[in-house]
Amino acid sequence: MRMPAAQPGRTGTIEKVVPAFEPGDFALEVLSRQTRRSTVQLKEAPVVVSGGAGIGSAEDFALLRDLANLLGGEVGASRAAVDAGMIGREHQVGQTGTTVRPALYIACGISGAIQHRAGMEESAKIVAINWDKEAPIFGVAHYGIVGDLNQVIPMMVKAIKERPKE
Ligand SMILES: Cc1cc2nc3c(=O)[nH]c(=O)nc-3n(C[C@H](O)[C@H](O)[C@H](O)COP(=O)(O)OP(=O)(O)OC[C@H]3O[C@@H](n4cnc5c(N)ncnc54)[C@H](O)[C@@H]3O)c2cc1C
């Protein structure tokens, strides 16, 4: 989260609240905790290439991995792609996933639902690829590509591979 500017004139009172819980207040009981180290570093990645329901299948996510690897980034996903079993939940970006703010966010086959935008719309540069020119994702994108991602992404990969070395 971006830190808000301090407002020196503001005052307030601090109230100490000591909650008194009864055993019956809890709907859940924690029996044990299991932690698993995440293999995806979405928050730290300078580039996130995310795929949505438009990707189509788990195998087709390989296309996004190629692009992300070339750009030194990570692969993200919409909840629809996660729920469809195309990719693991640790890749989910959005309200119930990870909030990211990379230098470059590439949204592929993602409609741009409010819950997804909440997790990525403050990225420095957003590129959206969608074959529906009315898709809401174009409302937050700095660059929009209206087209079939199965054609556009291989073209991007080819262009990056062929660009002259600096
Ligand atoms: C409480 C709650 C929390 C939620 N939390 C999240 C969250 O954290 N993250 C999140 O992402 N969602 C979240 N959602 C779900 C969210 O509302 C949307 O359902 C979801 O983001 C849609 O995912 P999508 O854009 O991949 O799928 P869709 O909305 O189905 O969009 C697919 C897009 O792909 C395009 N497309 C299809 N094929 C191609 C192609 N070949 N080439 C180019 N474009 C193509 C289509 O035009 C379409 O725009 C949440 C919902 C609720 C109710």
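Residues numbered from 1 in each chain as written. Predicted model: local features only at pLDDT ≥ 70, side-chain atom pairs only at ≥ 80, totals over all residues. Heavy atoms only, no water.

**Side note on the overall build of the protein chain**
- Helix and strand content of the protein chain: four helices and five strands.
- Secondary structure elements in the protein chain, listed N-terminal to C-terminal, are β-α-β-α-β-α-β-β-α.
- Against the 2.2 N^0.38 benchmark of 15 Å for 166 residues, the protein chain shows a C-alpha radius of gyration of 20 Å, more extended than a compact globule.
- With respect to the three principal axes, the spread of C-alpha positions in the protein chain is 65 × 45 × 35 Å.
- Per-residue burial over the protein chain gives 36% buried out of 166 residues.
- Taking contacts inside the protein chain between residues at least 6 apart in sequence as the whole, the part at least 24 apart equals 52%.
- Accessible surface, the protein chain as shown: approximately 11600 Å² in total, 54% of it carbon and sulfur.
- Treating the 18 positive side-chain charges of the protein chain as one cloud and the 18 negative ones as another, the clouds have centres 6 Å apart. (Helix = DSSP H or I, 4+ residues; strand = E, 2+ residues; numbered from the N terminus. Rg over C-alpha atoms; globule rule 2.2 N^0.38 Å. Buried < 20%, exposed > 50% of the residue type's maximum accessible area, 1.4 Å probe, protein only. Contact = heavy atoms within 4.5 Å. Areas by Shrake-Rupley, 256 points an atom, 1.4 Å probe, with all protein chains shown as cover. Lys, Arg positive; Asp, Glu negative; His and termini not counted. Charge placed at Lys NZ, Arg CZ, Asp CG, Glu CD.)

**Quick look at the layout of surface pockets**
- There is about 380 Å³ of room inside the largest pocket.
- Surrounding the largest pocket, 24 residues form its lining, Ala53, Ser78, Ala80, Ile110 and Ser111 being those nearest its centre.
- Contributions of two or more residues to the lining of the largest pocket are made by helix H2 (79–83), helix H3 (114–117), strand S4 (125–130) and helix H4 (149–162).
- Of the residues assigned to the lining of the largest pocket, the class counts are eight nonpolar, 14 polar and two charged. (1 Å grid on protein atoms, 1.4 Å probe; cavity = no way out; pocket = protein on both sides within 12 Å on 5 of 7 lines; lining within 4 Å. Points joined across faces, edges and corners; volume = space filled by probe spheres on them. Nonpolar A, V, L, I, M, F, W, Y, C, P; charged D, E, K, R; others polar.)

**Considerations on the pairing of strand S2 (residues 74–77)**
- By the bridge criterion, four bridges tie strand S1 (residues 47–51) to S2 in an arrangement that is parallel. Its bridge partner being in S2, Gly51 is matched across the sheet by Ala77.
- One crossover worth recording links S1 to the parallel S2 by way of helix H1 (residues 61–70), and it is right-handed. (Pairing = 2+ DSSP bridges. Right-handed = clockwise from strand over helix to strand, strands pointing away.)

**Focus on the site of the ligand**
- The ligand sits among 25 residues. The nearest are Ala53, Ser78, Thr96, Ser111 and Gln115.
- One nitrogen or oxygen atom from the main chain of Arg79 is found 2.9 Å from an oxygen atom belonging to the ligand.
- Residue Thr96 places a side-chain N or O atom 2.7 Å away from a nitrogen atom belonging to the ligand.
- Across the complex, the protein chains shield 74% of the 990 Å² of accessible surface that the ligand would expose by itself.
- Of the pockets mapped on this structure, the ligand occupies the largest pocket.
- When contributions to the shell around the ligand are tallied by element, the ones reaching two or more residues are H2, H3 and H4. (Near = heavy atom within 4 Å. Polar contact = N/O pair within 3.5 Å; in protein donor to acceptor, adjacent residues only side chain to side chain. Sits in = over half its atoms within 2 Å of the grid points.)

**Some words on H4**
- The terminal C-alpha atoms of H4 lie 19 Å apart, and with 14 residues this matches the ideal 20 Å at 1.5 Å per residue to within 8%.
- If you follow the buried residues of H4, they end up packed against H1, strand S3 (104–108), S4 and strand S5 (143–146).
- Two or three places before Asn150, at the start of H4, stands the capping residue Asp148, its side-chain oxygen 2.9 Å from that residue's backbone nitrogen. (Expected span 1.5 Å × (residues − 1).)

**Describing the side chain of Ser123**
- Relative to the helices and strands, Ser123 resides in the loop between H3 and S4.
- Its relative accessible area of 4% is what places Ser123 among the buried residues.
- The contacts of Ser123, once residues within four sequence positions are left out, are Val100, Arg101, Pro102, Tyr105 and His142.

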